[in-house]
Amino acid sequence: MNKGAHTPSKNLWPSPPTYQLIQTPKHARRRNRWQLSPLPSAGADLDKMTNSEEAMDITEVVCLESDLQDGQMKEVEVDKHKILLVRSQGQFSAVGSKCSHYGAPLIKGSLLGDKVRCPFHGACFNVKTGDIEEYPGLDCLPAYKVKTEDGKVYVTVNTKATKRVREMSHRAPEVCHTVILIGGGPASLVCAETLRQNGYSGRIIMVTKDDLPPFDKPKLSKAMNVESDRLLLRPKEFFQQYDIELWMKREVISVNTGAKTVTMDDNTEQRYDQLLIATGCRARAMACPGADLENVKLLETYRDAQDIHNMCAGKKVVVVGTSFVGMEVASYLSDKAASVSVIGRSEYPFQLSLGSEIGKMTMEMLKEIGVKFYMNDNVAEIRGKNGKVKEVLLQKGELLEADAVVFGIGVLPNSEFLKGTKIQKDKRNNIIVDKHMRTSVPDVFSAGDVVSFPLGIRGNEQVNIGHWQLAHAHGRIAGLSMVNKPTEVSSVPFFWTVLLGKSIRYTGYGNGYTDILFKGKMEERKFLAFYMKADVMVAAASLNFDPAVASLAEMMATGKVITRAQIESDDLSWLKLP
């Protein structure tokens, strides 16, 4: 147990990385004879570094200068490598063409200034450096050398370049400083990576109840039978390589902020110098008779997803709740279960978050493939035989046959273990943080779904938003604060839901909106919805209208105010849609 006091040293946060020139051989085609590459650190992943003996730089003409106007981008090829070529403020730059999150083609995204935003899930990259500047996703894009000569544009690629991991430091045994990260989600992971990327050489311990390293949790309700290895955000070797201790299947049950210790579920203690609380939320259980029967499930973990997939195949399934999780589970099971019935308390799914029009449309989509809905209703009792579910009685009296029941009725913050500390929470038990993800207690930070944080686009209103993208962003801000590089959280919320292979994208914060303006046609399932508060847009959602939501997210990120007059105009050229 490390109980040493924090002793700042020049090794804790070293100077920025240096670079080296690497010679490359001449070849038949025009080749670049040198390249700029970061010096590999000790233990670096050589598969992701340039190897001058195996890799080779290839330069080709990709287009004429006149082919691309200022503020435009073009997908080009060099040696069968697809490249995103951008012209911004008269300068050409080239980066990888696919988003490092799920591989979406960035040519279909939104370009504003020196940033390109992914059309699918909102990740944002600098087109000059390739650096990821907004999440989700972890890796940067490779950046390529561009040269113009005689009206032609040349791009040089390295044959091994794919994604790019920022250079990271390692633990130095002489540094007596420990950071504990409670939680195994993206906030903790990005915080750990941010620490190492900024030269932190102390001890990092990540504590998680899960039996997997940090994984892609949004996939659980969309692809419930995916193999665990395909869910991992980083392989186990990554944590070993960068000296990030991963304590799996362990839980912190209390925190002593005075002594700077955490107590584990096995009653052992671990001292910390800085602490991140990123414990997220848990699925809310149903308080009704029969909720403890076999084949009644909540979706929280990878094994929950596997169990739901296995127990529902060919069976009669009742899904309780028309939240994003409930609707995605119903969509996934629609062609696997014998029948799917959905129970919702409102008139339409997503009614509070997306509005009645979009909710009605999503309900019709699932009805068309045989899913049944019982709206404005709730569960009165789950009945079983020999400990297993047999039927579900609704409050209005309807009796549904059921072999399995899945609940998706919201979440609760995991913050009870902080009872007795001076860490401030709001009335819903969310941990209150400032713009730097600092709690009310020095050296204690918090991030992700468990926090209430000031949202810049809403005048720093304290909000709790459980978005995957925001958890990444919070982790980065917390990490920067820990290494004395305070940066304010400024991310614009962005999320997506997938039903029957169709993605609804959403950006902003629509709480308290007064009305919705639509472009496109709801009946054709191609629309862009603007959520208004008085005469200003506060959020937007779309289906089959890319990259509109990505464009709007980037506009909000730069502080642009989008008015009712702009939206009601027939001219939408300001959106810069293709």
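Residues numbered from 1 in each chain as written. Predicted model: local features only at pLDDT ≥ 70, side-chain atom pairs only at ≥ 80, totals over all residues. Heavy atoms only, no water.

Engineer: What's the story with the overall build of the chain in this structure? I'm lost.
Structural biologist: Helices and strands together make up the secondary structure of the chain, namely eight helices and 38 strands. Among the 578 residues that make up the chain, the fraction classed as buried is 53%. Within the chain, counting contacts between residues at least 6 apart in sequence, those at least 24 apart form 60% of the total. By element, 47% of the accessible surface of the chain is carried by carbon and sulfur atoms, the whole surface being about 25,700 Å². (Helix = DSSP H or I, 4+ residues; strand = E, 2+ residues; numbered from the N terminus. Buried < 20%, exposed > 50% of the residue type's maximum accessible area, 1.4 Å probe, protein only. Contact = heavy atoms within 4.5 Å. Areas by Shrake-Rupley, 256 points an atom, 1.4 Å probe, with all protein chains shown as cover.)

Engineer: Would you explain the sheet that holds strand β22 (residues 316-320) in this entry?
Structural biologist: In a beta sheet, neighbouring strands pair by backbone hydrogen bonds and run either parallel or antiparallel. Spatially, β21-β28-β22-β23-β24 is the arrangement adopted by the five strands of the open sheet, whose pairing is parallel. The sheet is open, and its two borders are formed by β21 (296-298) and β24 (372-374), each paired with just one other strand. In this sheet, adjacent strand axes meet at a mean angle of 20° when their direction is disregarded. Bridge count for β22 against strand β23 (residues 339-343) is five bridges, and the pairing is parallel. (Pairing = 2+ DSSP bridges. Axes fitted to C-alpha atoms, helices over the stretch in contact; angles between N-to-C directions.)

Engineer: Looking at this structure, how should I read the side chain of T261?
Structural biologist: With respect to the helices and strands, the residue T261 is situated in strand β17 (residues 261-264). According to the relative accessible area criterion, T261 is buried, its value standing at 12%. Discounting chain neighbours no more than four positions away, the residues touching T261 are S254, V255, N256, E269, Q270, R271 and Y272.

Engineer: Teacher, can you tell me more about helix α4 (residues 324-333) here?
Structural biologist: Side chains that are three or four residues apart share a direction in an α-helix, a result of its 3.6 residues per turn. Counting buried positions over the ten residues of α4 gives eight, a clear majority of the element. Among the residues of α4, G326, M327, E328, V329, A330, S331, Y332 and L333 are the ones counted as buried.

Engineer: Before we go on, may I ask you to explain the sheet that holds strand β32 (residues 451-455) in this structure?
Structural biologist: The three strands are arranged β30-β32-β33 in an open sheet whose pairing can be described as mixed. The strands lining the two open edges of the sheet, one partner per strand, are β30 (431-432) and β33 (461-463). Pairing geometry for β30 and β32, over two bridges, is parallel. From the neighbouring strand, I432 faces β32, where its bridge partner is S452.

Engineer: Where do I start with the pairing of β23 in this structure?
Structural biologist: As a general feature of sheets, a regular strand has side chains that alternate between the two faces. Within β23, four of the five residues are buried, leaving the element largely enclosed by the surrounding structure. As paired strands, β23 and β24 are joined by three bridges and run parallel to one another. Counted as the bridge partner of I343 is Y374 from β24. In this fold, β23 hands off to helix α5 (residues 356-367), which returns the chain to β24; that crossover is right-handed. (Right-handed = clockwise from strand over helix to strand, strands pointing away.)

Engineer: How should the pattern of salt bridges be read in this particular structure?
Structural biologist: Pairs can form between side chains of opposite charge once their charged atoms are near each other. With the rule as written, the count across this model stands at 28 salt bridges. Across the salt bridge formed by R166 and D131, the nearest N and O atoms sit 4.0 Å from each other. Here R166, found in the loop between β12 (152-158) and β13 (178-182), pairs with D131, found in the loop between β9 (124-126) and β10 (132-134); they are 35 residues apart in sequence, far enough to count as distant. Residue R166 is classed as partly exposed on the basis of its relative accessible area of 27%. With a relative accessible area of 21%, D131 lands in the partly exposed category. Ionic pairing is found between K336 and D335, a salt bridge with its closest N-O pair at 2.9 Å. (Salt bridge = Lys/Arg side-chain N within 4 Å of Asp/Glu carboxyl O.)

Engineer: I would appreciate a short explanation of the packing of aromatic side chains in the present structure.
Structural biologist: Here a ring pair, both rings aromatic, is described through the centre-centre distance and the interplanar angle of the planes. Taken as a whole and judged by the stated rule, the model has eight aromatic pairs. With a centroid separation of 5.7 Å and 55° between ring planes, the pair formed by Y506 and Y531 is classed as tilted. With Y506 in strand β35 (residues 502-508) and Y531 in strand β37 (residues 526-533), the pair connects residues that are 25 residues apart, well separated along the chain. No difference in accessibility class separates Y506 from Y531, as the two residues are buried. A connected cluster of aromatic rings, assembled from ring pairs, spans F324, F350, F495, Y506, Y513 and Y531. Lying across the ring of F238, R234 places its NZ or CZ 4.6 Å from the centre. Over the ring of Y332 we find K336, and its NZ or CZ is 3.9 Å from the ring centre. (Phe/Tyr/Trp six-rings, centres within 6.5 Å; stacked < 30°, edge-to-face > 60°. Lys NZ or Arg CZ within 6 Å of the ring centre and 35° of its normal.)

Engineer: Just to check I follow, could you spell out the environment of Q462 for this structure?
Structural biologist: Looking at the element boundaries, Q462 is found in strand β33. Through-space distance from the C-alpha of Q462 to that of K435 is 10.0 Å; in sequence the pair is 27 residues apart. Among residues more than four places away in sequence, those in contact with Q462 are I432, V433, S452, F453 and P454. Of note is the side chain of Q462, whose polar atom sits 2.9 Å from the backbone oxygen of S452. (Polar contact = N/O pair within 3.5 Å; in protein donor to acceptor, adjacent residues only side chain to side chain.)

Engineer: Just checking my understanding: could you explain the nonpolar core for this structure?
Structural biologist: In summary, soluble globular proteins display a tendency toward joint burial of nonpolar side chains. Core analysis: the largest hydrophobic core is formed by 74 residues, its most contacted members being I182, V255, V262, L275, L276, I277 and F453. Aside from chain neighbours lying at most four places away, what touches L276 is I180, L181, I182, A187, S188, C191, F445, S446, A447, A478 and M482. (Core = buried A, V, L, I, M, F, W, Y, C linked by side-chain atoms within 4.5 Å.)

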